[in-house]
Amino acid sequence: MYADLHLHTNFSDGTYTPEELVEHGHARGLNVMALTDHDTVDGCSRMAEACEKHGIEFIVGCEFTVELGGFELHLLGYFLDLECSELMEQLAKYQSVRHNRVHEMVSKLKGVGLDIESEEVLKIANCNSPGRPHIARALVAKGCCRSVDESFQRYLKKGRPGWVPKEKMTAEKAIELIHESGGVAVIAHPGLYHRDEVIASLVDAGLDG
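A quick note: this is a predicted structure, and the numbers were derived from the prediction, not measured.

S.K.: Let's hear about the overall build of the protein chain: which residues, and what values?
M.R.: Summing up its helical and strand segments, the protein chain has eight helices and six strands in all. Its helices and strands taken in sequence order, the protein chain reads β-α-β-α-β-β-α-α-α-α-β-α-β-α from the N to the C terminus. Since a compact globule built from 209 residues should have a radius of gyration of about 17 Å, the 18 Å found for the protein chain is in line with a globular shape. Seen through its principal axes, the protein chain has C-alpha atoms that stretch 50 × 40 × 30 Å. The buried share among the 209 residues of the protein chain stands at 48%. Considering only contacts within the protein chain whose residues lie at least 6 apart along the sequence, 66% involve residues at least 24 apart. Accessible surface, the protein chain as shown: approximately 10,300 Å² in total, 50% of it carbon and sulfur. Counting 21 positive and 33 negative side-chain charges, the protein chain places the centres of these two groups 11 Å from one another.

S.K.: Explain the state of the cysteines to me, using residue names and the numbers behind them.
M.R.: Across all of its chains, the model carries zero disulfides by this definition. Here Cys 84 is not disulfide-linked; the sulfur of Cys 62 is the nearest cysteine sulfur, at 12 Å. With relative accessibility at 9%, the residue Cys 84 sits in the buried group. Looking at Cys 127, it has no disulfide partner, and the nearest cysteine sulfur is the one in Cys 62, 12 Å off. Note on Cys 127: relative accessible area 14%, which makes it buried.

S.K.: Can you break down the nonpolar core residue by residue, with the values?
M.R.: In terms of nonpolar packing, the biggest core is built from 46 residues, with Met 33, Met 47, Phe 64, Val 66, Leu 73, Leu 75 and Leu 202 touching the most fellow members. Filtering out sequence-adjacent residues up to four positions away, Leu 73 remains in contact with Phe 64, Thr 65, Val 66, Leu 68, Ile 187, Tyr 193 and Leu 202. Met 105, Leu 114, Phe 152 and Leu 156 belong to the second largest nonpolar core, which has 17 residues in total.

S.K.: Give me the lowdown on the side chain of His 134, citing residues and values where you can.
M.R.: Its location among the elements puts His 134 in helix 5 (residues 132-141). On the accessibility criterion, His 134 (1% relative accessible area) is buried. Here the side chain of His 134 touches Gly 131 through a polar contact of 3.0 Å, landing on its backbone nitrogen.

S.K.: Any details on unusual backbone geometry? Residues and values, ideally.
M.R.: Positioned with a positive phi, Phe 79 is a non-glycine residue whose angle comes to about 60°. As for its position among the elements, Phe 79 is in the loop between strand 4 (71-78) and helix 3 (85-111). With a relative accessible area of 48%, Phe 79 lands in the partly exposed category. The backbone of His 189 sits at a positive phi, close to 30°, despite the residue not being glycine. Looking at where His 189 falls in the secondary structure, it is placed in the loop between strand 6 (184-187) and helix 8 (198-204).

S.K.: Residues and numbers for the layout of surface pockets, please.
M.R.: The space that makes up the largest pocket amounts to roughly 680 Å³. Every residue lining the largest pocket is counted, 27 residues in all, and those nearest its centre are Glu 72, His 74, Arg 101, Arg 132 and Trp 163. The residue makeup of the lining of the largest pocket, split by class, is 11 nonpolar, six polar and 10 charged.

S.K.: Lay out the pattern of salt bridges in plain terms, naming residues and giving numbers.
M.R.: Using the criterion set out here, one finds 12 salt bridges in the structure. Residues Arg 154 and Glu 150 are paired through a salt bridge, measuring 2.9 Å at the closest nitrogen-oxygen approach. With a gap of four residues between them, Arg 154 and Glu 150 both fall in helix 6 (residues 148-156), about one helical turn apart. By relative accessible area, which is 41% here, Arg 154 ends up partly exposed. With a shortest N-O distance of 2.6 Å, Arg 195 and Glu 197 are connected by a salt bridge. Accessibility expressed as a relative area gives 52% for Glu 197, which makes it exposed. Residues participating in the shared-partner salt-bridge network are Asp 39, Arg 98 and Lys 166.

S.K.: A description of empty space enclosed by the protein should follow, citing residues and the corresponding values.
M.R.: Applying the stated criterion across every chain yields a total of one cavity of 30 Å³ or more. Lining the largest cavity, in full, are Ile 187, Pro 190, Tyr 193, Arg 195, Asp 196, Val 198 and Ile 199.

Conventions and cut-offs
- In this convention, every chain numbers its residues from 1, walking through the sequence in written order.
- Confidence filtering applies because this is a predicted model: local features only for residues at pLDDT of at least 70, side-chain atom pairs given and counted only at 80 or more, and all residues used for totals across whole chains, interfaces and linings.
- In computing side-chain properties, one takes all heavy atoms of the structure into account and sets aside hydrogens as well as water.
- For the purposes of this entry, the term helix denotes a DSSP run of H or I that reaches at least four residues, the term strand denotes a run of E that reaches at least two, and both are numbered from the N terminus.
- Note that the radius of gyration is over C-alpha atoms, with the globule rule given as 2.2 Å times the number of residues to the power 0.38.
- Relative accessibility under 20% of the residue-type maximum defines a buried residue, over 50% an exposed one, and the middle range a partly exposed one, all with a 1.4 Å probe and only protein chains included.
- Throughout, a contact is declared for two residues whenever any of their heavy atoms are within 4.5 Å.
- Accessibility throughout is a Shrake-Rupley quantity obtained with a 1.4 Å probe, and a residue counts as covered only by protein chains that appear here.
- Charge counting follows a simple rule: Lys and Arg are positive, Asp and Glu are negative, and His as well as the terminal groups are ignored.
- Charge positions come from single atoms, namely NZ of Lys, CZ of Arg, CG of Asp or CD of Glu.
- Pairs of cysteine sulfur atoms within 2.5 Å are what we label disulfides.
- To define a nonpolar core, start from buried Ala, Val, Leu, Ile, Met, Phe, Trp, Tyr and Cys residues and group those joined through side-chain atoms within 4.5 Å.
- Polar contact is defined as a pair of N or O atoms within 3.5 Å, subject to the rule that within protein one atom must be able to donate a hydrogen and the other to accept it, and that residues adjacent in sequence are counted only when both atoms are side-chain atoms.
- Using a 1 Å grid laid over the protein atoms alone, points where a 1.4 Å probe fits but cannot get out form a cavity; open sets with protein on both sides within 12 Å along at least 5 of 7 lines form a pocket; any residue with an atom within 4 Å of a point counts as lining.
- Grid points are joined across faces, edges and corners, and a volume is the space filled by probe spheres set on the points.
- The classification used treats Ala, Val, Leu, Ile, Met, Phe, Trp, Tyr, Cys and Pro as nonpolar, Asp, Glu, Lys and Arg as charged, and all other residues, Gly among them, as polar.
- The rule for a salt bridge is simple: a side-chain nitrogen of Lys or Arg has to be within 4 Å of a carboxyl oxygen of Asp or Glu.

Structure below.
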């Protein structure tokens, strides 16, 4: 059995629609797919329907940006209950945080002379979870940078002119929220952090995998 349990669509920073993503998964022989867009489950109903058509098991998921002892990391929630009011309230809150961050970052970029507007970024994003990749795409579209990578390297990474820190929930709160919504909490891409020492604290907080 083949599965991909960390996928994004254009409901956050991915490029494919849920339907297009499922088509690619089906073509590659996937039996299970989980949608884990950033701070949103908006694409899950469409992804579920597309998976059903191809006989692919679908898992409702979401990727949360969290903080643990001043260190930022991502947690994946799987098998989430979309009827959980607390989950939906928290997602709405952090979607608002994302919009505010776009405005703040654009303001800083304009402050260093770049011709960019928040409305242009949000139009490119066209979702409830805009982020730095959408700003990067806007910079490319405006001719300010030649590529998304260049946009990050010159303007959007931590320490660069457009950087604005993101408000995050604690890892403990995220794990509690995932469990409250009937899900399991899993650390995302652990190999990227080079901070294995945080795993024990996450396990103590209830991490499932």
